[in-house]
Amino acid sequence: MTINTDYHRPIMLQECLDGLNIRPDGVYVDVTFGGGGHSRAILAQLGEKGKLYGFDQDPDAKVNAQAFNDPRFTFIEANFRNIKKYLRLYGVKKVDGILADFGISSHQIDEPTRGFSTRFEGDLDMRMNQKADVSAYTIVNEYSEAQLHKILGMYGEIKNARTLANAIHSARLNAPIKTTGELKAILEKYAPKFKEFKYFAQVFQAIRIEVNQELEVIEEFLEQIPDLLKDDESRLCIMTFHSLEDRLVKNYIKAGNFKGEPDKDIIYGTVTKPLMAINKKPIEASPEELSINGRSRSAKLRIAALSEK
């Protein structure tokens, strides 16, 4: 089957399909539908009784979903942080597999008006849900200097976060910072020499994470997984694209919490963790995939199942 990659080339497609352990009559969820590349491939392996639900809050993804025209597929226009609630609206309490691709789609990056990319001039937006009230403009122009310092340090891991927060705060006193170009003009003065592009990317990442509450969403999503997986043959497949995401996923699979430290029963000393890792180390893109899709370079795929009782 040919997968349309105009919107977004699905990363580690075969690895995801293998990881999901697909049953032809199973119920599956793609919580980051995007361009539908992974979803199409899942549907191709499902039989007549199989079912696939796709989540996405981006209106562009909704347009892509309309092209599916498959009775086995249902598109849910919602944030996957509410996965359990929305699945129950469709009478679904247990599923055979869940796929999540936390990366930004190629379409979102390459569309200047969305403001995600450091390469294009565009409005400071970065909202995955374009109906949301908070945008990158809100954060850059309305957050306090202390708030800016916090998110730049935590989410962008910027070493001179305090200095940069002060610079942004001072610059906006003269006039609002409205575009990605105007923000980059400020960043250029503080970026390490020969590492400017990495610095820009770190700052944009920090703002994007705050706009979309990305880490909180991942935590809320993961905590619902144990209740949704049907049995020990069911699978969770998650692709992450930076260390902050991967750490949350790794720790939750390892310990059942986000600190990564196992919770032990005080009396019996038994460890409570609902999931277990199928792959001890994250799967990474093959050299062949890296050669045709540079955006797969930072991807890490982790696969988990329900812990054995």
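Residues numbered from 1 in each chain as written. Predicted model: local features only at pLDDT ≥ 70, side-chain atom pairs only at ≥ 80, totals over all residues. Heavy atoms only, no water.

Stated formally: UniProt positions are given in the numbering used here, feature names are shortened, and annotations may be inferred rather than shown by experiment.
An unreviewed UniProt entry lists the chain under the name Ribosomal RNA small subunit methyltransferase H, from Arcicella lustrica. In its Subcellular location (unreviewed entry) section, the UniProt record describing the chain reads: "Cytoplasm". In the Catalytic activity (unreviewed entry) part of its UniProt record, the chain is described as follows: "cytidine(1402) in 16S rRNA + S-adenosyl-L-methionine = N(4)-methylcytidine(1402) in 16S rRNA + S-adenosyl-L-homocysteine + H(+)".

### Section: the overall build of the chain
Convention followed: Numbering goes from the N terminus for both helices and strands, where a helix is a DSSP run of H or I of at least four residues and a strand is a run of E of at least two. Buried means the residue's accessible area, taken with a 1.4 Å probe over protein chains only, is under 20% of the maximum for its type, while exposed means over 50%, and partly exposed covers the values in between. Contacts are assigned to residue pairs with any non-hydrogen atoms lying within 4.5 Å of each other. Where accessible areas are quoted, they stem from the Shrake-Rupley method and a 1.4 Å probe; at the residue level, only the protein chains shown are allowed to cover. We treat Lys and Arg as the positive residues and Asp and Glu as the negative residues; His and chain ends play no part in the count. The atom standing in for a charge is NZ when the residue is Lys, CZ when it is Arg, CG when it is Asp and CD when it is Glu.
Helices and strands together make up the secondary structure of the chain, namely 13 helices and 9 strands. In terms of principal-axis extent, the alpha carbons of the chain reach across some 60 × 55 × 40 Å. The proportion of buried residues among the 309 residues of the chain is 53%. Intrachain contacts of the chain at a sequence separation of at least 6 include 66% that bridge at least 24 residues. Per element, the accessible surface of the chain, about 15,500 Å² overall, is 49% carbon and sulfur. Each charge class in the chain was averaged separately, 43 positive and 44 negative side chains, and the resulting centres sit 3 Å apart.

### Topic: the packing of helix H10 (residues 196–212) against helix H11 (residues 214–228)
Basically, it comes down to this: Only the stretch in contact is used when fitting a helix axis, every axis being a line fitted to C-alpha atoms; angles between N-to-C directions are given from 0 to 180 degrees. Oblique is the label for any angle not under 35 degrees, not over 145, and not in the 65 to 115 range, which are roughly parallel, roughly antiparallel and roughly perpendicular in turn. Charged means Asp, Glu, Lys or Arg here, nonpolar means Ala, Val, Leu, Ile, Met, Phe, Trp, Tyr, Cys or Pro, and polar covers whatever is left, Gly included.
At a minimum axis distance of 6 Å, the contact between H10 and H11 shows a crossing angle of 55 degrees. Relative to H11, the element H10 is oriented oblique. For the pair H10 and H11, contact is made by Arg208, Ile209 and Asn212 and by Glu214, Leu215 and Val217, respectively. Each residue belonging to the contact of H10 with H11 can be placed in one class, and the counts come to 3 nonpolar, 1 polar and 2 charged.

### Concerning the nonpolar core
The test is simple: Think of a nonpolar core as a cluster: buried Ala, Val, Leu, Ile, Met, Phe, Trp, Tyr and Cys residues, connected wherever their side-chain atoms sit within 4.5 Å.
With 67 residues, the main nonpolar core has Leu87, Ile98 and Phe221 as its most contacted residues. If you tally residues by element for this core, the top one is H10, at 8 residues. If near-sequence neighbours (up to four positions away) are discounted, Leu87 is found in contact with Val29, Tyr53, Phe55, Ile76, Val92, Val95 and Leu228.

### Considerations on the UniProt feature "binding site: S-adenosyl-L-methionine" (unreviewed entry) in the chain
This is how it is decided: Put simply, the grid is 1 Å and covers the protein atoms alone, a cavity is a trapped set of points that fit a 1.4 Å probe, a pocket is an open set with protein on both sides within 12 Å along at least five of seven lines, and lining residues have an atom within 4 Å of a point.
In the numbering used here, UniProt assigns the feature "binding site: S-adenosyl-L-methionine" (unreviewed entry) to Gly36, Gly37, His38, Asp56, Phe80, Asp101 and Gln108. Considered against the largest cavity, the annotated residues that line it turn out to be Gly36, Gly37, His38, Asp56, Phe80, Asp101 and Gln108. For Gly36, the location among the structural elements is in the loop between strand S1 (27–30) and helix H2 (37–44). Looking at where Gln108 falls in the secondary structure, it is placed in helix H5 (residues 106–110). Of the residues examined, Gln108 reaches a relative accessible area of 6% and is grouped as buried. When neighbours within four sequence positions are excluded, Gln108 is seen to be in contact with Asp58, Arg114, Phe116 and Met128.

### With respect to the packing of aromatic side chains
Operational definition: Side-chain rings of Phe, Tyr and Trp (the six-membered ring for Trp) are treated as a pair once their centres are within 6.5 Å; stacked means planes under 30 degrees apart, edge-to-face means over 60, and tilted covers the remaining angles. When the NZ atom of lysine or the CZ atom of arginine is within 6 Å of a ring's centre and also within 35 degrees of its normal, the charge is said to sit over that ring.
What the rule picks out here adds up to 11 aromatic pairs. Summarising the aromatic geometry, the rings of Tyr252 and Phe258 are spaced 5.3 Å apart at their centres and angled 25 degrees between planes, so their arrangement reads as stacked. Here the two residues Tyr252 and Phe258 agree in accessibility, since each one is buried. Above the ring of Tyr53, the side-chain terminus of Lys51 is found at 5.4 Å from the ring centroid.

### Let's talk about the environment of Pro262
Looking at where Pro262 falls in the secondary structure, it is placed in the loop between helix H12 (243–255) and strand S6 (263–264). We classify Pro262 as partly exposed; its relative accessible area is 43%. It is 31 Å that separates the C-alpha atoms of Pro262 and Ile207, two residues lying 55 residues apart in sequence.

### Quick look at the pairing of S1
The two faces of the sheet receive side chains in turn, since in a regular strand these alternate between them. Selection rule: Here, any two strands with at least 2 DSSP bridges between them count as paired. Seen with its strands pointing away from the viewer, a crossover is right-handed if its path from the first strand over the helix to the second goes clockwise.
In S1, alternate side chains face the same way, and those of Val27 and Val29 on one face and Tyr28 and Asp30 on the other are all buried. Inspection of the sheet shows S1 paired to strand S2 (residues 51–55) by 4 bridges, in the parallel sense. Looking across to S2, one finds that Tyr28 is bridged to Leu52. Handedness of the crossover joining S1 and S2 through H2: right-handed. Sheet analysis places S1 next to strand S4 (residues 97–101), joined by 3 bridges and oriented parallel.

### Quick word on the pairing of S4
With respect to burial, S4 is a largely interior element, 5 of its 5 residues being buried. Neither face of S4 is exposed, since Gly97, Leu99 and Asp101 on one face and Ile98 and Ala100 on the opposite face are all buried. Pairing analysis gives 5 bridges linking S4 to strand S5 (residues 235–240), with the strands arranged parallel. The residue of S5 that forms the bridge with Asp101 is Met239.

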